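Examining the three-dimensional arrangement
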Amino acid sequence: RNCDWSSDVCSSDLERMLFALSLAGNAFKKVYYDPSLDRQTAVFIPAEDIVVPYGATSLENAERVTHKMRKTKNEVKRLQVAGLYRDVDLGEPMRMLDEVDKAKHKDAGLSAITDNRFLLLEMHVDIDLPGYEDMDGIALPYVVTIEKQTSTVLAIRRNWYSDDPLKIKRQHFVHYGFIPGFGFYYFGLIHLIGGHAKASTSLLRQL
């Protein structure tokens with residue numbers, strides 16, 4: 001049931017990732033089991049949808065990795081029926097676009113200010129929950145999913161193998177980088193070019 005990379009869907013996803021990687025310098029893949037598809041899947045995630053704490057040097061040592069997910073009401077309902085999320089009423093989705101989304105829409109020639117999808121924050125984080133005192137108060141890895149508009153907790157799941165005595169965090173994300181930078185993020189072509197106005201002026205003068 002693995003993805004056939006010769007298919008149109010997978011090829012398109014790969015092309016988007018390679019384009020984003022060279023332009024922005026960073027791209028992510030998330031590998032996980034999707035209960036709505038009943039199989040393992042790997043999806044491309046743009047850099048602006050992955051949030052890590054300031055000072056993190058890699059995904060492995062980051063105390064928190066947050067994936068910003070956008071899902072329709074029907075997609076959320078399917079995952080609730082599949083048992084991945086709690087069966088709670090989230091109301092109607094009405095999400096105001098943030099500055100990053102507005103900038104992306106503007107570059108694409110769109111003028112939308114709202115999004116009719118839920119914004120879910122899936123946080124891969126180390127927290128100390130009651131009931132696991134065998135680790136002497138040490139924070140353990142969990143995956144906590146909340147709906148941002150209502151701050152409703154949809155799921156809290158352990159993020160280590162049940163037979164692992166050390167309870168080491170499982171990695172679901174793969175970070176691809178273009179040109180090494182000074183911290184967590186890599187440099188892309190847009191960073192090397194610099195400001196669009198200056199680059200355009202320079203090219204016009206050379207022509």
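Quick look at the nonpolar core now. Judged by nonpolar contacts, F28, I45, A47, I50, V52, A56, L59, A62, V65, F173 and F184 together constitute the single largest core of 11 residues. Other than its neighbours up to four places away in sequence, A56 contacts A62 and F184.

A word on the sheet that holds strand β4 (residues 64-71). The strand order β3-β4-β7-β8-β9 describes an open sheet built from 5 strands, whose pairing is antiparallel. Here the strands that pair on one side only, and so sit at the sheet edges, are β3 (50-51) and β9 (152-158). Relative to strand β7 (residues 118-127), β4 runs antiparallel, the two being bridged by 8 bridges. Following the sheet pairing, H67 is matched in β7 by E122.

Time to look at the packing of aromatic side chains. Ring pairs (aromatic) are described by centroid distance and by the angle formed between their planes. Inspection of the entire model under this criterion finds 4 aromatic pairs. For the pair F28 and F184, a centre-to-centre distance of 6.4 Å together with 15° between the ring planes defines the contact as stacked. Of this pair, F28 sits in strand β1 (residues 26-34) while F184 sits in the loop between β10 (173-177) and α4 (189-193); the two residues are 156 residues apart in sequence, bridging distant segments of the chain. The same class applies to F28 and to F184, which are both buried. With a centroid separation of 5.8 Å and an interplanar angle of 75°, the aromatic rings of F182 and F187 are classed as edge-to-face. The class for F187 is partly exposed, based on a relative accessible area of 27%. Members of the aromatic cluster, joined through ring pairs, are F28, F184 and Y185. Here the basic side chain of K30 rests over the ring of Y32, its NZ or CZ set 4.9 Å away from the ring centre.

Backbone geometry places S151, a non-glycine residue, at a positive phi of 55°. Of the residues examined, S151 reaches a relative accessible area of 55% and is grouped as exposed. Positive phi, normally seen in glycine, also occurs at K167, with a value near 55°. Mapping K167 onto the fold places it in the loop between β9 and β10. According to the relative accessible area criterion, K167 is buried, its value standing at 14%.

Attention now goes to the sheet that holds β1. Strand order in this open sheet of 3 strands is β2-β1-β10, and the pairing throughout is antiparallel. Among the strands making up the open sheet, the edge pair consists of β2 (39-46) and β10. Between one strand axis and the next, the sheet turns through 20° on average, direction left out of account.

Below, the discussion takes up the pairing of β2. Note that β1 and β2 share 8 bridges and pair antiparallel. The partner of Y33 across the bridge, within β2, is Q40. The hairpin turn running from β1 into β2, its antiparallel successor, is 4 residues long, and D38 in that turn takes a positive phi close to 60°.

What follows covers the side chain of T41. With respect to the helices and strands, the residue T41 is situated in strand β2. In this view, T41 contacts K30, V31, Y32 and D34; residues no more than four positions away in its chain are not counted.

We now examine the confidence of the model for the protein chain. Taken as a whole, the protein chain shows an average pLDDT of 83; of its residues, 81% reach a score of 70 or greater. When the criterion is pLDDT under 50, residues 4-9 qualifies, and its contacts beyond four places in sequence or with other chains add up to 6 contacts.

Quick look at the environment of Q40 now. Mapped onto the secondary structure, Q40 falls in strand β2. Look at Q40 and you get partly exposed, because its relative accessible area is 44%. For Q40, the contacting residues outside a window of four places in its chain are V31, Y32 and Y33. In terms of polar contacts, Q40 uses its side chain to reach the backbone amide nitrogen of Y33, at 3.4 Å.

What counts and how
- Residues numbered from 1 in each chain as written.
- Predicted model: local features only at pLDDT ≥ 70, side-chain atom pairs only at ≥ 80, totals over all residues.
- Heavy atoms only, no water.
- Core = buried A, V, L, I, M, F, W, Y, C linked by side-chain atoms within 4.5 Å.
- Buried < 20%, exposed > 50% of the residue type's maximum accessible area, 1.4 Å probe, protein only.
- Contact = heavy atoms within 4.5 Å.
- Pairing = 2+ DSSP bridges.
- Helix = DSSP H or I, 4+ residues; strand = E, 2+ residues; numbered from the N terminus.
- Phe/Tyr/Trp six-rings, centres within 6.5 Å; stacked < 30°, edge-to-face > 60°.
- Lys NZ or Arg CZ within 6 Å of the ring centre and 35° of its normal.
- Axes fitted to C-alpha atoms, helices over the stretch in contact; angles between N-to-C directions.
- pLDDT = per-residue confidence, 0-100.
- Polar contact = N/O pair within 3.5 Å; in protein donor to acceptor, adjacent residues only side chain to side chain.

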